[in-house]
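# What the coordinates show
Listed here are the chains, written in short residue letters.
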Amino acid sequence: MTAAVFDHNGPWTEEEYLALGETSQRVELFDGSLHVTPAPTPRHQRISRKLGNKLEAAAESVGLELLEAVNVRLRPGRIPIPDLVVTNPVDLDELNVEAHDVRLVCEIISPSNAATDKVLKMHYYAAAGIEWYLLVEQDTGSLHLYRRRGAHYAEHSAAKRGEVLELTEPVRASIRPEDLVP
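Numbering of residues starts from 1 in each chain and follows the order in which that chain's sequence is written. The predicted origin of the model limits local features to residues at a pLDDT of at least 70 and limits the giving and counting of side-chain atom pairs to 80 or more, whereas totals for whole chains, interfaces and linings rest on all residues. Only hydrogens and water are set aside when side-chain values are computed; all heavy atoms of the structure are taken into account.

Right, let's talk about the overall build of the chain for a bit. Along its length, the chain carries five helices and 13 strands. Taken over the C-alpha trace, the chain has a radius of gyration of 16 Å; the compact-globule value for 182 residues is 16 Å, and the two agree within 12%. We call a residue buried when its accessible area falls under 20% of the maximum for its residue type, exposed when it is over 50%, and partly exposed in between, using a 1.4 Å probe and counting protein chains only. Put simply, the chain has 182 residues, and 46% of those count as buried. Contacts were defined at the residue level, with two residues in contact if any of their heavy atoms lie within 4.5 Å. A sequence separation of at least 24 residues applies to 47% of the contacts in the chain between residues at least 6 apart. Accessible surface, the chain as shown: approximately 9,200 Å² in total, 49% of it carbon and sulfur. One way to put it: in the chain the 19 positive side-chain charges average out to a point 9 Å from where the 28 negative ones average out. Strands here mean DSSP runs of E at least two residues long; helices mean DSSP runs of H or I at least four residues long; both are numbered from the N terminus. Here the radius of gyration uses the C-alpha set of atoms, whereas the globule reference equals 2.2 Å times the residue count to the power 0.38. The method behind every accessible area is Shrake-Rupley, applied with a 1.4 Å probe, and residues are considered shielded solely by the protein chains displayed. In this tally, Asp and Glu contribute negative charge and Lys and Arg positive charge; neither His nor the terminal groups of the chain are included. Positions of charges follow a simple convention, taking NZ of Lys, CZ of Arg, CG of Asp or CD of Glu.

The structure is reproduced here in structure tokens:
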């Protein structure tokens, strides 16, 4: 993949991006530009697994899917890889999950890319019509659940250590920050 990236001239098309194939890095496509991040830390992955375990049973109980680190096509040429998504049933062999199938998207904020999750991706997910956005802050352990209002998100609820975040849509789940973040 490295040679293909460095030998490439000009903006990336979606077809060129998908032709890179699977990589060990998280490579996202934003309007012709590649955004590459290193592998997540063990702390990040622990949070993702524990949160995924809580959301998976809740999703399955209402006929939804929980998927981890999949391509989500927000529109042509805009494909992020969220940490977790709750979706309608989808074709599990497709390269992309379409935004209209995503019911909730979750990002675990890494200190090195907080602005990407809190600003860029938040804007893109809302513009794509994804109703719910859950942010997990690694440094404080707090959880923030946002609901789409037009083309933007408004905070619906939040929980810090010692509190419980209650999700009622698109799934029912009770999440305690201290169960996720050591």
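Mapped onto the elements of the fold, Glu137 is located in strand 9 (residues 132-137). Looking at Glu137, its side chain comes within polar contact range of the side chain of Thr140, at 3.5 Å. Throughout this description, a polar contact denotes any pair of N or O atoms lying within 3.5 Å of each other; where both atoms belong to protein, one of them has to be capable of donating a hydrogen while the other can accept it, and for residues adjacent in sequence the pair is counted only when both atoms sit in side chains. There is a polar contact of 3.1 Å between the side chain of Glu137 and the side chain of His144. With residues up to four places along the chain from it excluded, the contact list for Glu137 reads Ile109, Lys118, Ser142, His144 and Val181.

Let us look at the sheet that holds strand 5 (residues 78-79). At least two bridges found by DSSP between two strands is the condition for calling them paired. Sheet architecture is open: three strands sit in the order 2-1-5, paired in antiparallel fashion. Every interior strand has two partners, whereas the edge strands, strand 2 (33-37) and strand 5, have only one. Relative to strand 2, strand 1 (residues 26-30) runs antiparallel, the two being bridged by five bridges. Bridge pairing links Phe30 to Ser33 in strand 2.

Moving on to the sheet that holds strand 3 (residues 65-68). The sheet built from six strands is open, its strands ordered 3-6-8-9-10-11 with mixed pairing. Looking at strand neighbours, the two that pair on one side only are strand 3 and strand 11 (152-159), the edges of this open sheet. Each strand of the sheet is rotated relative to its neighbour by a mean of 20 degrees, with strand direction disregarded. Inspection of the sheet shows strand 9 paired to strand 10 (residues 143-149) by five bridges, in the antiparallel sense. When the bridges of strand 10 are listed, Trp132 appears paired with Arg147. An axis is simply a line fitted to the C-alpha atoms; with a helix, the fit covers only the stretch in contact. Between two such axes, the angle follows the N-to-C directions and lies from 0 to 180 degrees. Against the sheet, helix 3 (residues 42-61) makes contact with strand 3, strand 6 (84-87), strand 8 (102-109) and strand 9, and its axis sits at roughly 165 degrees relative to strand 3, the strand it touches most.

Moving on to the pattern of salt bridges. Any Lys or Arg side-chain nitrogen found within 4 Å of a carboxyl oxygen on Asp or Glu counts as a salt bridge. The full count for this structure, using the stated rule, is 13 salt bridges. When the shortest N-O distance is used, the salt bridge between Glu107 and Lys121 registers 3.2 Å. Taken as a pair, Glu107 in strand 8 and Lys121 in helix 4 (residues 114-127) lie far apart in primary sequence, 14 residues in all. The class of Glu107 is buried, set by a relative accessible area of 2%.

The pairing test for Phe, Tyr and Trp rings, Trp by its six-membered ring, is centres within 6.5 Å, and the orientation test on the planes gives stacked under 30 degrees, edge-to-face over 60, and tilted for anything in between. What the rule picks out here adds up to four aromatic pairs. Ring centres of Phe30 and Tyr124 lie 5.5 Å apart, and the angle between their planes is 35 degrees; on these two criteria the pair is classed as tilted. In this pair, Phe30 is assigned in strand 1 and Tyr124 in helix 4, connecting sequence segments 94 residues apart. Each member of the pair Phe30 and Tyr124 is classed as buried. Measuring from ring centre to ring centre gives 5.5 Å for Tyr133 and Tyr153, while their planes differ by 35 degrees; the resulting arrangement is tilted. Residue Tyr133 is located in strand 9, and its partner Tyr153 is located in strand 11; the two are separated by 20 residues in the primary sequence. For the residue pair Tyr133 and Tyr153, the accessibility class agrees, reading buried in each case. Feature note: the residues Tyr125, Tyr133, Tyr146 and Tyr153 constitute an aromatic cluster, connected by ring pairs.

Nothing here speaks to function; it is geometry throughout.
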